[in-house]
Amino acid sequence: MEFNVNYLVRRLSQSLFLLAGVSVLSFVFLELAPGDFFEEMRLNPQIPAETVSSLKHAYSLDQPLPVRYWRWLESVARGEFGFSFAYGSPVAPLIRIRALNTLVLTGTCTALSWAIAVPLGVFSAHRRGSTLDRVCELGTSTILATPDLLLALGLLFLALRTGWFPMGGMSSAVREHYGHWTEAKDASWHLFLPVVALVLSSLPVILKHVRATMLDVLASPYIRAAELQGIRPARVLFRHALPACVNPLISLFSLSLASLLSASLLIEVVMSWPGLGPLLLEAILARDVYVVIGVVMLSTLALVCGCLLGDLLLYAADPRIRHEGAA
Amino acid sequence: MNVPRGIRGPLSLLVVVHISALLAGFLAPYNFVDQDRSLSLSPPSKVHLSDSQGKPHWPPFVYRLIERPGHFGEYLEDTSQRYGIGFLVRSSEYRAFGVYSSNIHLFGVSPPARLCLMGTDSYGRDVFSRLLYGGQISLFTGLLAAGLSLFLATMLGTVAGYYGHWIDATIMRIDELFLALPWLYLLLGLRAFLPLRISPGQAFLLLIIVIGIVGWARPGRLIRGIVLSAKERTYVRAARSFGASDSYVIVHHILPQTRSVILTQAALLIPQYMLAEVTLSFLGLGVGEPTASWGSMLAPLQSYHVLASCWWMFFPGLVLITIFLSYGTILRALQQGGFS
């Protein structure tokens, strides 16, 4: 495949600009906000004022904004992403563990949702107006109207009533004596409920898109021609029609990829999955600002990479875009 | 405006819900702060028409609830005395619309009995009353924030599309910045950098401003697109060649064309923003106690005890889903060009 370097460079520089913008914005908001992590300490009469101010000095919170931004950039260059006051450690290792947990959850969900949504969408477009299509339609519009929050709470309610599933967390308390197999079983057991919640919340959107684009394509003359030639329906659907839908679906898929680190935030909090969501919430409540900035930056990075990957996929899949880009 | 038949139902439902929230003082039997610690987490009151001997009575009545001796959190009906439900009764004072002071409520029972149509929360506050008062926060945050967002989007989108050049480029770069950020993260991030403990009134305003500002990017982009195509229409060019000023052209020829997009975006954004408020309040970052919001009313469900045994705490969620379904129906009608 010929590759357009200019296009890639332009996209990369746009992304860099965006990341820089987000980080500057975060720091400006930080400056505007009253109070900081050590505010609580100052209210405590047992801690002398000098201790608080020396702590502030140690974390260079008393420095002006550009200095702090520069220090932060330096720590980014060192791969630390600032320092967490609450955990007393650099931000990067904290976030890394949590991000992996989030990825386990969202990765499973994205794979599952797409694996279910594409065949289901194709089929309900093919059998338009059938019982299955109507059930799908009703299901998607109901679930779309149900907020993630309530979906998660409802599932927890069911789990609590039936007692079939563990109530949150990522693993059972005692793990040392387990073998690898038991450990994997335990983990997937805990994964089940959050995955169901997340799949339910992301499936309807994908299903709707697949069905709509598929309906468009199925109405076009070449599909009629293929059908009249006596080609098997399954082959018409998956070999002739589906490739024509791939463009809008790739755009949607890149959105799925882009939200890998941000889609599950609320469900993680409600179902106490130890991912980025609870970390961010705790950091916000404690005013642990560098953790907040770190998480926001990481999810922005994921978003930017997702969009970039989507564009590259589109570039690879659609010759029209390739030639337009080369021209 | 001609409203098609299919969406009259959801539209009137929304109107009724909003009006009931505004009339919360009159419709709710109790104030949203009225506590009764002896009735913590009690189930919805049973409204009876006949007593235990099967003898019918009018008006309908309730029995007083008492705690089952030795069982914390379980309640019995004290059938020794009936408390008839009165209509237009006088009890606690409230201010309707913030000006008109009154103490007449649509219905109520005389103390010590309590009429809690949707049970009580852990402080013994009436969920039904709080649902009505909470609607004032949750419904109107959505409405006002969407208004602010669409206002910003229309201003910036029109300016960008109409004047073009570097103005367009600058506004669109900022737009991209807002679009690129994950929505909930941006909201939480912004909230993180604002003071945590503020009064409910301030929190309400702050939420509207934060949610409204975060959301302008997508509608702004759409409106810019419409303005771009609208300004090249022949009649717009004709008006300009006759010497019409920019402001005249924008107000009379360009803005009317953005109407359908603004309506569609409103039907899309209002529920989304309501949900944003509910989510923030659920996480404890929105309007704080004791003020009721549907988000903070759902928050107790995070404790497993409440989740497992108090199904009536799900009522705010039920109302939310109904409202979202109505907006969904309206949105579909708008997208199919139902309004004319």
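Overview of the structure. Remember, it's a predicted structure, so these values are computed and weren't measured experimentally.

Describing the overall build of chain B
At step 1: Helix and strand counts for chain B stand at 13 helices and five strands.
At step 2: In terms of principal-axis extent, the alpha carbons of chain B reach across some 85 × 45 × 35 Å.
At step 3: In chain B, buried positions account for 38% of the 340 residues.
At step 4: Sequence-distant contacts, at least 24 apart, represent 68% of the contacts inside chain B between residues at least 6 apart.

Side note on the overall build of chain A
At step 1: In terms of regular secondary structure, chain A is built from 15 helices and two strands.
At step 2: Looking at chain A residue by residue over its 327 residues, the buried ones come to 33%.
At step 3: Within chain A, counting contacts between residues at least 6 apart in sequence, those at least 24 apart form 72% of the total.

Here we look at unusual backbone geometry
At step 1: Here the phi dihedral of Ser272(A) falls at roughly 40°; this positive angle occurs in a residue that is not glycine.
At step 2: Here Ser272(A) lies in the loop between α12 (265-270) and α13 (276-286).
At step 3: Its 16 C-beta neighbours within 10 Å are what place Ser272(A) among the partly exposed residues.
At step 4: With phi around 50°, Leu41(B) is a residue other than glycine that occupies positive phi space.

What about the environment of Ser299(A)?
Residues and elements named next belong to chain A.
At step 1: Mapped onto the fold, serine 299 is located in helix α14 (residues 289-317).
At step 2: By C-beta crowding, serine 299 is classed as buried, having 28 other C-beta atoms within 10 Å.
At step 3: Counting along the chain gives 59 residues from serine 299 to histidine 240, while the straight-line C-alpha distance between them is 37 Å.

Some words on the packing of helix α8 (residues 234-241) of chain B against helix α9 (residues 246-254) of chain B
All names here are of chain B.
At step 1: Running from N to C, α8 and α9 cross one another at 150°; their axes reach a closest spacing of 11 Å. By the angle class used here, α8 and α9 are roughly antiparallel. Viewed along their axes, α8 and α9 form a crossing whose handedness is right-handed. Facing α8, whose interface residues are Tyr235, Val236, Ala239 and Arg240, α9 presents Val249, His253 and Ile254.
At step 2: For the contact of α8 with α9, a count of residues per class yields five nonpolar, one polar and one charged.

Quick word on the sheet that holds strand β2 (residues 56-67) of chain B
What holds strands together in a sheet is hydrogen bonding between their backbones, with the strands either parallel or antiparallel.
Residues and elements named next belong to chain B.
At step 1: Spatial ordering of the open sheet is given by β1-β2-β3, a layout of three strands whose pairing is antiparallel. Unpaired on one side and paired on the other, β1 (48-50) and β3 (75-84) mark the two borders of the sheet. The mean angle between the axes of side-by-side strands here comes to 45°, regardless of whether they run parallel or antiparallel.
At step 2: When β1 meets β2, the two strands line up antiparallel, connected through two bridges. Within β2, the residue paired with histidine 48 across the bridge is phenylalanine 61.

The rules we used
- Residues numbered from 1 in each chain as written.
- Chains lettered and ligands numbered in written order.
- Predicted model: local features only at pLDDT ≥ 70, side-chain atom pairs only at ≥ 80, totals over all residues.
- Helix = DSSP H or I, 4+ residues; strand = E, 2+ residues; numbered from the N terminus.
- Buried ≥ 20, exposed ≤ 12 C-beta atoms within 10 Å, placed from the backbone.
- Contact = placed C-beta atoms within 7 Å.
- Axes fitted to C-alpha atoms, helices over the stretch in contact; angles between N-to-C directions.
- Parallel < 35°, antiparallel > 145°, perpendicular 65-115°, else oblique.
- Left-handed = near helix turned anticlockwise from the far one by under 90°.
- Nonpolar A, V, L, I, M, F, W, Y, C, P; charged D, E, K, R; others polar.
- Pairing = 2+ DSSP bridges.

Geometric descriptors of this kind do not, in isolation, establish any biological role.
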